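Survey of secondary and tertiary structure
What follows is the residue order along each chain.
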Amino acid sequence: MKLAPIVSEPKSPSYDVVIVGGAMIGSSVAWFLSANPDFDGRILVVERDPSYEFTSTSHTNSCTRLQFSNEINVRISQFNAEFLRNFREHLGGDPDIPDIHLHEFGYMYLADSEKFADILRESHAVQVACGAQTRLMTPDEIAAEYPFYNLDGIVLGSHNPKDEGYFDGNTMFTWYRKKARENGVEYVTNEVVAIGRTGNRVDSVTLKSGEVIQAGIIINASGPRAALTAQMAGLDVPVEPRKRYTYIFKPEKPLGQDLPLTIDPTGVTMRTDGVNFMCGCPPDDDPAVDHDDFTIDHSVWEEKIWPALATRVPAFEAVKVLNGWVGHYSFNVLDQNAIIGPHTEVGNFIFVNGFSGHGFQQSAAMGRGASELVAYGEFRGLDLSPLGYERIATGTPFLEKAVI
Ligand SMILES: Cc1cc2nc3c(=O)[nH]c(=O)nc-3n(C[C@H](O)[C@H](O)[C@H](O)COP(=O)(O)OP(=O)(O)OC[C@H]3O[C@@H](n4cnc5c(N)ncnc54)[C@H](O)[C@@H]3O)c2cc1C
């Protein structure tokens, strides 16, 4: 279907649902809601950055894992894995929708202490009970399968070869957005600059261009700007932009096999990326940054990333950096996990925020969950209520031990 160009002005003065932010999460919510036969309301998506250049979505490493310590996070990623494998069918069978590539090299958590090894053992039990194929590996077992690692000081590894690795989330995003639009969702290039509220209900958004649009429900899908959007409604959410570094490199000598997404005890991650390799980490000093600050501190590569690479995989002593970037996590300061659900008092303001490092892989479950909240007032597929706003209101962290 040929779609009209996206303009800045909404067609209508009033919508049942206004979604603030139309990147991975906002577009997933928009598609799930527009595809729900039990919902026939009008949906507006307001997106300030139509190039998506400065979004988390454009800076992601696009990986998915089942290796969490909490059942709900495992189930969310299992849903994502099933959803992406059958993406075309789920989106209605359009033959133009390509297969979504999933490169299952698995994540390899490496423990250099008995304390962390115990966490891996406990998490392993949770994952296996959910049907995951995670295996705990002794250093000898790791060396037999992945002889390129230097395993000095490593006491245990945890690796899952199924439903873990890189997935082509950007293609999913493109098609969520396209199919949502085909289903009648209206996207506009504009910015929400104010939110109207009467008592415990939000009722309108004001756009940068001046229009005031009535809204039955407002969904906050504004990524690292989630707190700014919440503040417009007089609400708080503990989400802030934090820098995360990514580099693509090529070693002088090939490894000859896939490098699992290795979680090194230093906090540096590294993995296969096609014929090259990708690595990344947070900076040691990790403050909230300005929403527009994407400057790169190259000492992070020199002093943190490269030494960790060369230590863990001696073949990476000689590498050529091909590319590098800084992106923003929408960092949930309370517990680095998703916040999905209505505000505890302002019930028609719904948060879908705070994903920190695992929002890309959670987009399908979050889109479905938010659409269920709108259509039915409750979760139906997966009970996502442990990730609701109540814990934010009471300051009670959702404890997830596998945070990257
Ligand atoms: C370096 C890096 C690596 C990552 N790696 C992974 C990974 O391997 N796996 C994984 O699952 N996740 C990963 N993530 C996290 C993942 O990318 C994010 O959780 C996900 O992309 C979040 O999508 P989003 O739509 O919530 O946010 P965003 O992509 O940031 O989108 C928010 C949108 O809201 C818009 N917006 C904001 N305010 C307004 C406003 N007032 N009016 C209109 N529009 C507005 C913005 O322009 C933007 O388009 C990574 C993130 C980074 C930075």
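Up top is the structure these notes are about.
Remember, predicted model here, so these are calculated numbers, not experimental data. (Residues numbered from 1 in each chain as written. Predicted model: local features only at pLDDT ≥ 70, side-chain atom pairs only at ≥ 80, totals over all residues. Heavy atoms only, no water.)

1. Topic: the overall build of the protein
For the protein, the helix and strand inventory stands at 11 helices and 19 strands. Taken along the three principal axes of its C-alpha coordinates, the protein extends 65 × 45 × 40 Å. Classification of the 404 residues of the protein by burial places 56% in the buried group. Restricting to contacts in the protein with at least 6 residues of sequence separation, those with at least 24 account for 76%. Here the protein has roughly 16400 Å² of accessible surface; of this, 50% comes from carbon and sulfur atoms. Charged side chains of the protein number 33 positive and 53 negative; the gap between the two group centres comes to 3 Å. (Helix = DSSP H or I, 4+ residues; strand = E, 2+ residues; numbered from the N terminus. Buried < 20%, exposed > 50% of the residue type's maximum accessible area, 1.4 Å probe, protein only. Contact = heavy atoms within 4.5 Å. Areas by Shrake-Rupley, 256 points an atom, 1.4 Å probe, with all protein chains shown as cover. Lys, Arg positive; Asp, Glu negative; His and termini not counted. Charge placed at Lys NZ, Arg CZ, Asp CG, Glu CD.)

2. Considerations on the site of the ligand
The local shell around the ligand holds 38 residues, among which E47, S56, T57, C63 and Q361 are the closest. Here the ligand loses 96% of its free accessible area of 1000 Å² to cover by the protein chains. Breaking the shell around the ligand down by element, the ones donating at least two residues are α1 (24-34), β2 (43-47), α2 (56-59), β13 (239-251) and β17 (319-332). In the shell around the ligand, the residues fall into 13 nonpolar, 19 polar and six charged. (Near = heavy atom within 4 Å. Nonpolar A, V, L, I, M, F, W, Y, C, P; charged D, E, K, R; others polar.)

3. What about the packing of helix α3 (residues 71-85) against helix α10 (residues 363-376)?
Packing of α3 against α10 brings their axes to within 7 Å, and their N-to-C directions diverge by 100°. Between α3 and α10, the angle is such that the two are roughly perpendicular. Touching I76, F79, N80 and F83 of α3 are A364, A365, M366 and R368, all from α10. Its residues assigned to classes, the contact of α3 with α10 shows six nonpolar, one polar and one charged. (Axes fitted to C-alpha atoms, helices over the stretch in contact; angles between N-to-C directions. Parallel < 35°, antiparallel > 145°, perpendicular 65-115°, else oblique.)

4. Some details on the nonpolar core
Core analysis: the largest hydrophobic core is formed by 52 residues, its most contacted members being F83 and M366. With seven residues, the top contributor of residues to this core is α1. Membership of the second largest hydrophobic core comes to 28 residues, among which are L255, M270, C281 and W301. (Core = buried A, V, L, I, M, F, W, Y, C linked by side-chain atoms within 4.5 Å.)

5. Concerning the sheet that holds strand β8 (residues 165-167)
The three strands are arranged β3-β8-β4 in an open sheet whose pairing can be described as antiparallel. Edge positions in the open sheet fall to β3 (63-64) and β4 (102-103), since each of these has one partner strand only. Pairing of β4 with β8, which is carried by two bridges, proceeds in the antiparallel orientation. Paired with H103 across the two strands is Y166, which belongs to β8. (Pairing = 2+ DSSP bridges.)

6. As for α3
The terminal C-alpha atoms of α3, which comprises 15 residues, lie 21 Å apart, in line with the 21 Å expected from a rise of 1.5 Å per residue. The buried fraction of α3 is high, at 11 of 15 residues. Turning to α3, its buried residues number three or more, namely I72, N73, V74, I76, S77, Q78, F79, N80, A81, F83 and L84. (Expected span 1.5 Å × (residues − 1).)

7. Comments concerning helix α9 (residues 299-312)
Taking 1.5 Å per residue, 14 residues should reach 20 Å; α9 reaches 19 Å between its end C-alpha atoms and fits that length. For α9, the complete set of buried residues consists of V300, W301, K304, I305, A308, L309, A310 and R312. In this structure, the buried side of α9 is in contact with β5 (107-111), β13, β15 (269-273), β16 (276-281) and β17.

8. What about the pattern of salt bridges?
Counting across every chain of the model gives 26 salt bridges. For the salt bridge of D292 with R225, the shortest nitrogen-to-oxygen distance reads 3.1 Å. Of the two residues, D292 sits in the loop between β16 and α9 while R225 sits in the loop between β12 (212-220) and α8 (226-232), which places them 67 residues apart along the sequence. Under the relative-accessibility criterion, R225 is labelled buried at 18%. The network of salt bridges with common partners includes R85, E104, K162 and D163. (Salt bridge = Lys/Arg side-chain N within 4 Å of Asp/Glu carboxyl O.)

9. Observations concerning the packing of aromatic side chains
Taken as a whole and judged by the stated rule, the model has 22 aromatic pairs. Considering the side-chain rings of F167 and F360, the 5.8 Å spacing of their centres and the 45° angle between planes classify their relative orientation as tilted. Of this pair, F167 sits in strand β8 while F360 is found in the loop between β19 (349-353) and α10, placing the two residues 193 residues apart along the sequence. Taken individually, F167 and F360 each receive the classification buried, so the pair is uniform in this respect. Ring centres 6.5 Å apart and planes at 50° place the aromatic pair F249 and W301 in the tilted group. Separated by 52 residues along the polypeptide, F249 in strand β13 and W301 in helix α9 bring together distant segments of the chain. (Phe/Tyr/Trp six-rings, centres within 6.5 Å; stacked < 30°, edge-to-face > 60°.)

10. Remarks on the sheet that holds strand β6 (residues 135-137)
In space, the eight strands of this open sheet follow the order β6-β7-β5-β14-β15-β16-β13-β17, with mixed pairing throughout. Looking at which strands have only one partner, the edges of the open sheet turn out to be β6 and β17. Strand-to-strand twist across the sheet, computed as the mean angle between neighbouring axes with direction ignored, equals 20°. Summarising the sheet, β6 and strand β7 (residues 156-159) pair through three bridges and their orientation is antiparallel. Paired with M137 across the bridge in β7 is G157. Across the sheet, helix α5 (residues 114-129) touches β5, β6 and β7, and the angle it forms with β5 is around 140°.

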